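Residues per chain, in single letters:
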Amino acid sequence: MFDGEAASLDAILKTQTVKVPKPIKVIDLETGGAVFVMEHVDMRSLRKYAAQLGDQLADLHLHNQRKKERQNKEEQTVGKGSGQSDISVIEKFGFHAITCCGYLPQVNDWQSDWAEFYSRQRLQHQLGLIERSYGDREVRELWAQLQLKISKLFEGVQVYPALLHGDLWSGNVAECSDGPVIFDPASFYGHAEFELAIAGMFGGFSGSFYTAYHNKIPKGPGFEQRKQLYQLFHYLNHWNHFGSGYRGSSVRIMKDLIK
């Protein structure tokens, strides 16, 4: 868990887009368990800098795509042939480390197709855990139908790998004297829209946050349906963490998406 969090913080830190606590070291304890040492940040609840967070989060999500555009421009420049650029661009979806959303490890194997990655390594993984714990026949049948619909939700939409925080709810953001800060990430390269799913579920963010974000990354066609698809992951994850109180929300979304 700590290794994944450290890798996530380090990846976000390197983009120089939004403030995160600097990871220092993960220490294994002789008595068992571990300690994660990171930079101390003097922070308070997010209020003043909500719009700035929306703006900086969009920059985080656009960072890899902008690197790709710079690389393409360099390769087209006279005297700068293909392969000579030192800009490292991520072309697939996944992450170089295992991360945890809550305490459950996530599968981050690299894949070139986003819908396939999300279906298999996020939803299928969570539903497999639910099947082992609950053996829920209705959910099993709904998933069989939903799998056939997922690719249609991405028709006409180009998804470019974006570095995500991965668990950006209101409890994982704050502000310092000079701007916003985010922490406790479960990062991976995925669809930028995934980030906004949990943002609206537990406490949410102010309108100024969304306005600033969408000024840089406008909503694409089918955004609201995909938002439901992405919220499904978080409801399933909460079901696996906290019990069947989250079953109703999970089933409702699955039924809505297969209509």
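An account of the accompanying structure is given in this report. It should be emphasised that the depicted structure is a prediction, and the values quoted were computed from it without experimental measurement. (Residues numbered from 1 in each chain as written. Predicted model: local features only at pLDDT ≥ 70, side-chain atom pairs only at ≥ 80, totals over all residues. Heavy atoms only, no water.)

Section: a nonpolar patch on the surface
Next, step 1: On the surface, a cluster of nonpolar side chains totalling about 370 Å² of accessible area is made up of I24, I27, L29, V35 and V37.
Next, step 2: Secondary structure elements with two or more residues in the nonpolar patch: β1 (23-28) and β2 (34-38).
Next, step 3: The class for I24 is exposed, based on a relative accessible area of 57%. (Patch = residues over 30% accessible without salt bridge, like charges linked within 9 Å, V, L, I, M, F, W, Y side chains within 5 Å. Areas by Shrake-Rupley, 256 points an atom, 1.4 Å probe, with all protein chains shown as cover. Salt bridge = Lys/Arg side-chain N within 4 Å of Asp/Glu carboxyl O. Helix = DSSP H or I, 4+ residues; strand = E, 2+ residues; numbered from the N terminus. Buried < 20%, exposed > 50% of the residue type's maximum accessible area, 1.4 Å probe, protein only.)

Concerning the pairing of strand β7 (residues 179-182)
Next, step 1: For strand β6 (residues 173-176) and β7, the ladder comprises 4 bridges, and the chain directions are antiparallel. Among the inter-strand pairings, C176 is bridged to a residue of β7, identified as G179. (Pairing = 2+ DSSP bridges.)

Some details on helix α2 (residues 50-76)
Next, step 1: The end-to-end C-alpha distance of α2, which contains 27 residues, comes to 39 Å, matching closely the 39 Å that a straight helix rising 1.5 Å per residue would cover.
Next, step 2: Roughly 45° is the biggest bend found in α2, and it falls at L62. (Expected span 1.5 Å × (residues − 1). Bend = angle between axes of the 7 residues up to and from the residue.)

What to know about the environment of R120
Next, step 1: Mapping R120 onto the fold places it in helix α3 (residues 114-134).
Next, step 2: There is a polar contact of 2.2 Å between the side chain of R120 and the side chain of E116. (Polar contact = N/O pair within 3.5 Å; in protein donor to acceptor, adjacent residues only side chain to side chain.)

Examining helix α7 (residues 223-242)
Next, step 1: Over its 20 residues, α7 extends 28 Å from the first C-alpha to the last, a length consistent with the 28 Å expected when each residue adds 1.5 Å.
Next, step 2: Two residues or fewer past α7, G243 is found with a positive phi of approximately 105°.

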